[in-house]
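One letter stands for each residue in the lines below.
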Amino acid sequence: MAYTVLQLKGNLLPRAITGLIAIPAVIFIILQGHIHFQIMVLLAAIGLLREWSNLSFGKTYHWLSIGCFTTILLNFFFPNIWSLLITLAGCAWLLYFKTFEWKKLIIISLGYLYITSATIVMLNTMPQLGSHFTLLIFVLAWSVDTGAFLVGKTIGGPKLAPNISPNKTWSGFIGGIIFGLLTIHYLTRAINFNVSKDLWIFVIISILVAQIGDLLESWCKRYFKVKDSGSFLPGHGGMLDRLDSLLAVSFVVAVFWYFGKLP
């Protein structure tokens, strides 16, 4: 197996600079309290829905995005799962677009529902878990992404899913797992976080789901024939490109929280 030296060239330099600015800013906001965190999530939701509309319809603003964001706001001010019906009803209107084949119809509808549901989980569930646990979830997603990227670029090797994402490798997949486990191990010790068996089960499942979420977003980009979901973050692409793992992990959070398995 040939080894290559990872150098800061091409889009790696702006990628590193963006990360050095954005990550401390997000950590600062999380630690300021739940209101600041929720405002950040609401702003992120606008960007995520905007990018999905652009992928789906070639328009940065679409009425389905407005409907989904309205759903998110309703859940923010009047928390109840029933407002998700607004999103489902909005997706159902796609049936009137005769130009869409069923496969594209389902992908677009599920994309809107996926982003909306994940955002609602982050708005309603994570603040109840506290700033430290919310920080743990974000750091977990970041560490998995970073580990997969660095190890995959440095070692290379057999492709993980060449038909979905030609750049992802098995070495990167394993690197993401190792980076995720080590980062959470040292983070929980640094912030004196209570470590339980349920927490480690949550972490392991979340690490795997984070990588599945990344592959899912790569599959959507390949389906829509685009390289990046947007250009909001220099060197990283769009918000969907960077938040795909976190969106996926939010559903793990919802399941564990529902069954009372989170601290």
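In what follows, the structure referred to is the one given above.
These numbers come from a predicted model, not from an experiment.

## Thoughts on the overall build of the chain
Phase 1: In terms of regular secondary structure, the chain is built from 10 helices and two strands.
Phase 2: Counting from the amino terminus, helix and strand elements in the chain follow one another as α-α-α-α-α-α-α-β-β-α-α-α.
Phase 3: When each of the 263 residues of the chain is scored for burial, the buried share is 46%.
Phase 4: Within the chain, contacts between residues at least 6 apart in sequence are counted, and of these 72% link residues at least 24 apart.
Phase 5: Here the chain has roughly 13,800 Å² of accessible surface; of this, 70% comes from carbon and sulfur atoms.

## With respect to the environment of Thr134
Phase 1: Structurally, Thr134 can be placed in helix H7 (residues 131-155).
Phase 2: The class of Thr134 is buried, set by a relative accessible area of 3%.
Phase 3: Along the sequence, Thr134 and Val253 sit 119 residues apart, while their C-alpha atoms lie 9.9 Å from each other.
Phase 4: Ignoring anything within four residues of it in the chain, the contact list for Thr134 reads Ile30, Phe37 and Met126.
Phase 5: Here the side chain of Thr134 touches Met126 through a polar contact of 3.1 Å, landing on its backbone oxygen.

## Some words on helix H4 (residues 84-92)
Phase 1: All of the buried residues along H4 are Leu84, Thr87, Gly90 and Cys91. The buried residues of H4 all sit within an arc of 115° when viewed along its axis, so they share a single face.

## Some remarks on the packing of helix H2 (residues 34-57) against helix H5 (residues 102-124)
Phase 1: One can describe the packing of H2 onto H5 by two numbers: an axis separation of 10 Å at closest approach and a directional angle of 175°. In terms of orientation, H2 and H5 fall into the roughly antiparallel class. Here Phe37, Gln38, Val41, Leu42, Ala45, Leu48, Leu49, Trp52, Ser53, Ser56 and Phe57 of H2 come into contact with H5, specifically with Lys104, Ile107, Ile108, Gly111, Tyr112, Ile115, Thr116, Thr119, Met122 and Leu123.
Phase 2: Looking at the contact of H2 with H5, its residues break down into 14 nonpolar, six polar and one charged.

## Observations regarding the pattern of salt bridges
Opposite charge on two side chains allows them to pair when their charged atoms are near.
Phase 1: If you walk through the whole model with that rule in mind, you get three salt bridges.
Phase 2: Lys168 is the partner of Asp214 in a salt bridge, and the nearest nitrogen-oxygen pair spans 3.7 Å. Of the two residues, Asp214 is situated in helix H9 (residues 197-224) and Lys168 in strand S2 (residues 165-169); the sequence distance between them amounts to 46 residues.
Phase 3: Taking the relative accessible area as the measure of exposure, Asp214 reaches 17% and is therefore buried.
Phase 4: Within the structure, one salt-bridge network assembled from shared partners comprises Glu217, Lys221 and Asp241.

## Points about the packing of H4 against H5
Phase 1: Relative orientation of the contacting elements H4 and H5 amounts to 165°, with a least axis distance of 9 Å. Taken together, H4 and H5 sit at an angle that is classed as roughly antiparallel. Between H4 and H5 lies a crossing whose hand is right-handed. Residue-level inspection shows Leu84, Thr87, Leu88 and Cys91 of H4 in contact with H5, the latter providing Ser109, Tyr112, Leu113, Thr116, Ser117 and Ile120.

## Considering the environment of Phe37
Phase 1: Relative to the elements of secondary structure, Phe37 occurs in helix H2.
Phase 2: Note: C-alpha distance between Phe37 and Thr134 (97 residues apart in sequence) is 9.4 Å.
Phase 3: Those residues in contact with Phe37 that lie beyond four places of it in its chain are Ile29, Ile30, Met122, Met126, Pro127, Thr134 and Phe138.

What counts and how
- Residues numbered from 1 in each chain as written.
- Predicted model: local features only at pLDDT ≥ 70, side-chain atom pairs only at ≥ 80, totals over all residues.
- Heavy atoms only, no water.
- Helix = DSSP H or I, 4+ residues; strand = E, 2+ residues; numbered from the N terminus.
- Buried < 20%, exposed > 50% of the residue type's maximum accessible area, 1.4 Å probe, protein only.
- Contact = heavy atoms within 4.5 Å.
- Areas by Shrake-Rupley, 256 points an atom, 1.4 Å probe, with all protein chains shown as cover.
- Polar contact = N/O pair within 3.5 Å; in protein donor to acceptor, adjacent residues only side chain to side chain.
- Arc of directions from axis to C-beta.
- Axes fitted to C-alpha atoms, helices over the stretch in contact; angles between N-to-C directions.
- Parallel < 35°, antiparallel > 145°, perpendicular 65-115°, else oblique.
- Nonpolar A, V, L, I, M, F, W, Y, C, P; charged D, E, K, R; others polar.
- Salt bridge = Lys/Arg side-chain N within 4 Å of Asp/Glu carboxyl O.
- Left-handed = near helix turned anticlockwise from the far one by under 90°.

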